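Summary of structural features
So the chains spell out like this:
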Amino acid sequence: GGRGGGAGGRGGPREGGGTALARDGPGGACAGNRSGSDGSDSAPREGDRIFQRPEAGARSVWPRWSPDGRTVAFLRDTGGSEHLGIWIVDRDGEHEHELSAAPGVSHRDLAWSPDGRTIACVANHGGGFGIHLVDIATGVRRGLTDGSTDARPRFSPDGRWVVFEAYRSERR
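Residues numbered from 1 in each chain as written. Predicted model: local features only at pLDDT ≥ 70, side-chain atom pairs only at ≥ 80, totals over all residues. Heavy atoms only, no water.

Details of the overall build of the protein chain
Counting its secondary structure elements, the protein chain contains 0 helices and 14 strands. Here the protein chain, with 172 residues, has 44% of them falling under the buried criterion. Counted over contacts in the protein chain with a minimum sequence separation of 6, partners at least 24 positions apart contribute 32%. (Helix = DSSP H or I, 4+ residues; strand = E, 2+ residues; numbered from the N terminus. Buried < 20%, exposed > 50% of the residue type's maximum accessible area, 1.4 Å probe, protein only. Contact = heavy atoms within 4.5 Å.)

Focus: the sheet that holds strand E9 (residues 107-112)
Pairing in this open sheet of 4 strands is antiparallel, and the strands run E9-E10-E11-E12 from one edge to the other. Where the open sheet ends on each side, the last strands, each with one partner, are E9 and strand E12 (141-143). With strand direction ignored, the average angle separating the axes of adjacent strands in the sheet is 25 degrees. Examined bridge by bridge, strand E11 (residues 130-135) and E12 share 3 bridges and lie antiparallel to one another. In the strand pairing of E12, Val134 is matched with Arg141. (Pairing = 2+ DSSP bridges. Axes fitted to C-alpha atoms, helices over the stretch in contact; angles between N-to-C directions.)

Some remarks on the sheet that holds strand E7 (residues 85-90)
Read across the open sheet, the 4 strands follow the order E5-E6-E7-E8; overall the sheet is antiparallel. Where the open sheet ends on each side, the last strands, each with one partner, are strand E5 (59-65) and strand E8 (96-100). Neighbouring strand axes in the sheet, compared pairwise and without regard to direction, differ in orientation by 30 degrees on average. As paired elements, E7 and E8 share 4 bridges and run antiparallel to each other. Along E8, the bridge assignment pairs Ile88 with His97.

Considering the packing of aromatic side chains
Applying the stated criterion across every chain yields a total of 0 aromatic pairs. Across the ring face of Trp87, the terminal group of Arg76 is positioned such that the distance to the ring centre comes to 4.7 Å. Just above the ring of Phe129 sits the side chain of Arg108; from NZ or CZ to the centre is 3.9 Å. (Phe/Tyr/Trp six-rings, centres within 6.5 Å; stacked < 30°, edge-to-face > 60°. Lys NZ or Arg CZ within 6 Å of the ring centre and 35° of its normal.)

Quick look at the pairing of strand E6 (residues 71-77)
The buried fraction of E6 amounts to 6 of the 7 residues, a majority that puts the element mostly inside the structure. Here E5 pairs with E6 via 5 bridges, running antiparallel. Bridge pairing links Val61 to Leu75 in E6. Taken together, E5 and the strand that follows it, E6, pair antiparallel across an intervening segment of 5 residues, in which Gly69 is found at a positive phi of about 75 degrees.

A closer look at the environment of Val122
Within the secondary structure layout, Val122 lies in strand E10 (residues 118-123). Along the backbone, Val122 and Gly143 are 21 residues apart, and their C-alpha atoms lie at a distance of 9.5 Å. Among all residues touching Val122, those that are not within four sequence positions of it are Ser106, His107, Arg108, Asp109, Phe129, Gly130, Ile131, Asp150, Ala151, Arg152 and Pro153.

Written out as structure tokens, the structure is:
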């Protein structure tokens, strides 16, 4: 088993983010602990080939398929610090790169835009956990909220809006 699915609780960085299935794509991606090292795996719907994403001393969690099913975004902690960076890997597990890294910053709650160009996430960039948009092509980040305790961003079907949970005492 993994560290718990994203369905319960507020989705802190210790939760694995559960399973992500491609709607029309090649299979599923999940966070788990099959080999004793937390990692993200992907498997085709048919056959028995599984691509594991663990790296020695690293923990990979919260996998999310891109809308076109060609890539998976996931979070990775490479030093045991719980500072989870955003990583991208192709469907076959061959080409991966770190999309967003900043010293001392942790990410969580990934969501792809419908066009696959942007990832919405929660990050503690500049203070509390706020909603950020990260450009897939450049890795450039844009903050949407002031960093209170926001969670679970999701794009509208047309990609024009981002909804999220907000834990604030003041009314906006």
